[in-house]
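Tertiary structure, described
Below, each chain spelled out in residue letters.
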Amino acid sequence: MDDDDKPGGLHLRAGSTADGPYALSISPEQAGWGYSALRVLELEPGGAQLLTAGDSEWIVLPLTGGCTVRTQGEIFELQGRKSVFGGVSDFAYVPRDAHAQIASGAGGRFALAGARCERRLPARYGPAPEVPVEARGSGSQAREVHNFAAAGSFDCDRLIAVEVLTPGGNWSSYPPHKHDEHRPGEESELEEIYYFEIEGGGLGYQRISPSRPGGSDLLTEVRTGDAVLVPDGWHGPSIAEPGHTMYYLNVMAGPGAEREWLIRFHPDHTEGYR
């Protein structure tokens, strides 16, 4: 069920999509869908990179270190964090049809979560203290969710993005759930990217099972820098190796008229919480 070595596969190993200063670069064209995008920018001390937003809105989210984002006449000083395991980070929103310079005096790694969109919203700063932090699940399903750009937390046109920290030995993205159909009030159609980092060089596992004949089917081992594409299907669980906290960044967008995250749980799994 692991399609790592197939062209256009769902599991993108660390470095397999590297492009210049980007350790990871996933465009809608590369993913084979219409909206969701993700880049991971690596800057050396004193380094800078120009982001051309094009037809997409973007959020610049520090993974390690801090940076300055200059766009639309605004200057956003992002304090960032030591690592993704060190708490929430502040972030900056870059609208479509804009240019942004991302610079870092000390260097660092920065996620650029993107989505093709229609509306051009203003450039904005997202303060870390205003990021809603949610304790979800209990026992072996407990995890921490940073809803920095969830549908109800921060205004975007199409982009939805959250971070999840799963303690070692725990399951998250459980019960398996899906959002690959438009069902008003019940399910929204969203393309999703998982980007992983595993504390201390550990590993994790990701499952996607088909929700339709010939649909996505994956069971794979993930490590730091890997990404998994979810174009359709029941996804979950995400499983962390004991002793190693698993981080993942979820980036979602879709064609729906409303920006909403509506999911259906797998009918064979009736307990637990995503």
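To keep things clear, this report deals only with the structure shown in the data block. (Residues numbered from 1 in each chain as written. Predicted model: local features only at pLDDT ≥ 70, side-chain atom pairs only at ≥ 80, totals over all residues. Heavy atoms only, no water.)

Observations concerning the overall build of the protein chain
For the protein chain, the helix and strand inventory stands at one helix and 22 strands. Radius of gyration (C-alpha) of the protein chain: 17 Å, near the 19 Å computed for a compact globule of 274 residues. By principal-axis analysis of the C-alpha atoms, the protein chain measures approximately 50 × 40 × 40 Å. Taking all 274 residues of the protein chain together, the buried fraction comes to 55%. (Helix = DSSP H or I, 4+ residues; strand = E, 2+ residues; numbered from the N terminus. Rg over C-alpha atoms; globule rule 2.2 N^0.38 Å. Buried < 20%, exposed > 50% of the residue type's maximum accessible area, 1.4 Å probe, protein only.)

Regarding the nonpolar core
Core analysis: the biggest nonpolar cluster contains 50 residues, and Leu38, Ile59, Phe148 and Leu249 have the highest contact counts within it. Among the elements that line this core, the one with the most residues is strand S21 (residues 246–253), at six residues. Discounting residues that sit within four places of it in the chain, Leu249 has contacts with Leu38, Leu61, Ala111, Phe148, Val162, Glu163, Ile193, Tyr194 and Tyr195. Counting residues in hydrophobic clusters, the runner-up holds 20 residues, among them Leu78, Ala98, Ala100 and Leu112. (Core = buried A, V, L, I, M, F, W, Y, C linked by side-chain atoms within 4.5 Å. Contact = heavy atoms within 4.5 Å.)

Considering the packing of aromatic side chains
Scanning the entire structure with this criterion turns up eight aromatic pairs. Aromatic pair Phe91 and Phe154: ring centres 5.0 Å apart, planes at 75 degrees, arrangement edge-to-face. Highlighted residues: Phe91 in strand S7 (residues 91–94) and Phe154 in the loop between strand S12 (143–149) and strand S13 (160–166), separated in sequence by 63 residues. Using a relative accessible area of 2% as the deciding quantity, one classes Phe91 as buried. Since its relative accessible area comes to 11%, Phe154 is described here as buried. Aromatic side chains Tyr194 and Tyr248 sit 4.9 Å apart centroid to centroid with 40 degrees between the ring planes, which places their arrangement in the tilted category. Of this pair, Tyr194 sits in strand S16 (residues 191–198) while Tyr248 sits in strand S21, and the two are 54 residues apart along the sequence. On the basis of relative accessibility, which here comes to 0%, the residue Tyr194 falls in the buried class. Of the residues examined, Tyr248 reaches a relative accessible area of 2% and is grouped as buried. For the cation-ring pair, Arg39 lies above Tyr22, with the distance from its terminal atom to the ring centre recorded as 5.3 Å. (Phe/Tyr/Trp six-rings, centres within 6.5 Å; stacked < 30°, edge-to-face > 60°. Lys NZ or Arg CZ within 6 Å of the ring centre and 35° of its normal.)

Remarks on the pairing of strand S9 (residues 108–116)
For S9, a buried count of eight out of nine residues is recorded, marking the element as mostly surrounded by other parts of the structure. One ladder, built from eight bridges, connects strand S3 (residues 36–43) with S9; its direction is antiparallel. Bridging across to S9, Leu43 finds its partner in Gly108. One ladder, built from eight bridges, connects strand S5 (residues 56–71) with S9; its direction is antiparallel. What sits directly across from Val60, in S9, is Leu112. (Pairing = 2+ DSSP bridges.)

A short note on the state of the cysteines
Tallied over the entire structure, the rule returns zero disulfides. Cysteine Cys67 remains unbridged, with the sulfur of Cys156 as its closest cysteine sulfur at 17 Å. On the basis of relative accessible area, Cys67 is assigned to the buried category, the value being 4%. The thiol sulfur of Cys156 is not disulfide-bonded, and the nearest other cysteine sulfur, from Cys117, lies at 8.8 Å. (Disulfide = S-S within 2.5 Å.)

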